[in-house]
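Given next are the chains, with one letter for each unit.
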Amino acid sequence: MLVLITYDVNTETPAGKKRLRQVAKQCVNYGQRVQNSVFECNMDATKCREVKAILEKIINKEVDSLRFYYLGDKYKNKVEHIGANPGFDVTEPLLF
């Protein structure tokens, strides 16, 4: 299923800047960045619970936030991109 992960981390302190880097680093491990704080992740329910638990341990729930949008398996007709950097289909083989 396609899961959209978004986050807002308060970066007014050095600790906040560190949390922001940690959240971004974890999200890169699970999907592709499509905006600064937005990742598209193709994963099953188990992997989704795993990344959610990891991110919840990183953030400060008093000043930061996470959002998970579950778009399911038939997401292609739910996502429209306009403009530069359309990204790539996370379900297709990636050739280097």
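Residues numbered from 1 in each chain as written. Predicted model: local features only at pLDDT ≥ 70, side-chain atom pairs only at ≥ 80, totals over all residues. Heavy atoms only, no water.

A.B. asks: Which residues make up the packing of helix 1 (residues 14-28) against helix 2 (residues 45-58), and what values do they have?
C.D. replies: At a minimum axis distance of 10 Å, the contact between helix 1 and helix 2 shows a crossing angle of 170°. Relative to helix 2, the element helix 1 lies roughly antiparallel. Here Arg 19, Gln 22, Val 23, Gln 26 and Cys 27 of helix 1 come into contact with helix 2, specifically with Ile 54, Leu 55 and Ile 58. (Axes fitted to C-alpha atoms, helices over the stretch in contact; angles between N-to-C directions. Helix = DSSP H or I, 4+ residues; strand = E, 2+ residues; numbered from the N terminus. Parallel < 35°, antiparallel > 145°, perpendicular 65-115°, else oblique. Contact = heavy atoms within 4.5 Å.)

A.B. asks: Could you give me a rundown of the sheet that holds strand 3 (residues 38-42), with the residues and numbers involved?
C.D. replies: Reading across from one edge, 2-3-1-4 is the order of the four strands in this open sheet, with antiparallel pairing throughout. Edge positions in the sheet fall to strand 2 (32-35) and strand 4 (65-72), since each of these pairs with one other strand and no more. The average angle at which neighbouring strand axes cross in this sheet is 25°, direction not considered. Strand direction decides the pairing type here: strand 1 (residues 2-8) and strand 3, joined by five bridges, are antiparallel. Pairing of Ile 5 across the sheet is with Phe 39, part of strand 3. Sheet strands in contact with helix 2 are strand 1 and strand 4, and its direction is about 170° off that of strand 4. (Pairing = 2+ DSSP bridges.)

A.B. asks: Outline the environment of Gly 31, listing residues and values.
C.D. replies: Positionally, Gly 31 belongs in the loop between helix 1 and strand 2. Aside from chain neighbours lying at most four places away, what touches Gly 31 is Phe 39, Glu 40 and Cys 41.

A.B. asks: Would you mind going over the state of the cysteines in detail, with residue names and values included?
C.D. replies: With the rule as written, the count across this model stands at zero disulfides. Unpaired in terms of disulfides, Cys 27 finds its nearest cysteine sulfur in Cys 41, a separation of 6.1 Å. Taking the relative accessible area as the measure of exposure, Cys 27 reaches 0% and is therefore buried. With no disulfide of its own, Cys 48 lies 8.2 Å from the sulfur of Cys 41, the closest cysteine sulfur. (Disulfide = S-S within 2.5 Å. Buried < 20%, exposed > 50% of the residue type's maximum accessible area, 1.4 Å probe, protein only.)

A.B. asks: Mind laying out the pattern of salt bridges, listing which residues take part and the relevant values?
C.D. replies: By the definition in use, this model includes three salt bridges. As a salt-bridge pair, Lys 47 and Glu 50 come within 3.9 Å of each other at their nearest N and O atoms. Of this pair, Lys 47 and Glu 50 both sit in helix 2, three residues apart, roughly one helical turn. On the basis of relative accessibility, which here comes to 35%, the residue Lys 47 falls in the partly exposed class. The shortest N-O distance in the salt bridge between Lys 61 and Glu 56 comes to 3.2 Å. (Salt bridge = Lys/Arg side-chain N within 4 Å of Asp/Glu carboxyl O.)

A.B. asks: Just give me the short version of the side chain of Asp 64, but keep the residues and values in it.
C.D. replies: Among the secondary structure elements, Asp 64 is positioned in the loop between helix 2 and strand 4. With a relative accessible area of 7%, Asp 64 lands in the buried category. Within polar-contact distance, the side chain of Asp 64 engages the backbone nitrogen of Asn 10 at 2.8 Å. Not counting residues within four places of it along the chain, the set of residues in contact with Asp 64 comprises Asp 8, Val 9, Asn 10, Arg 19 and Ile 59. (Polar contact = N/O pair within 3.5 Å; in protein donor to acceptor, adjacent residues only side chain to side chain.)

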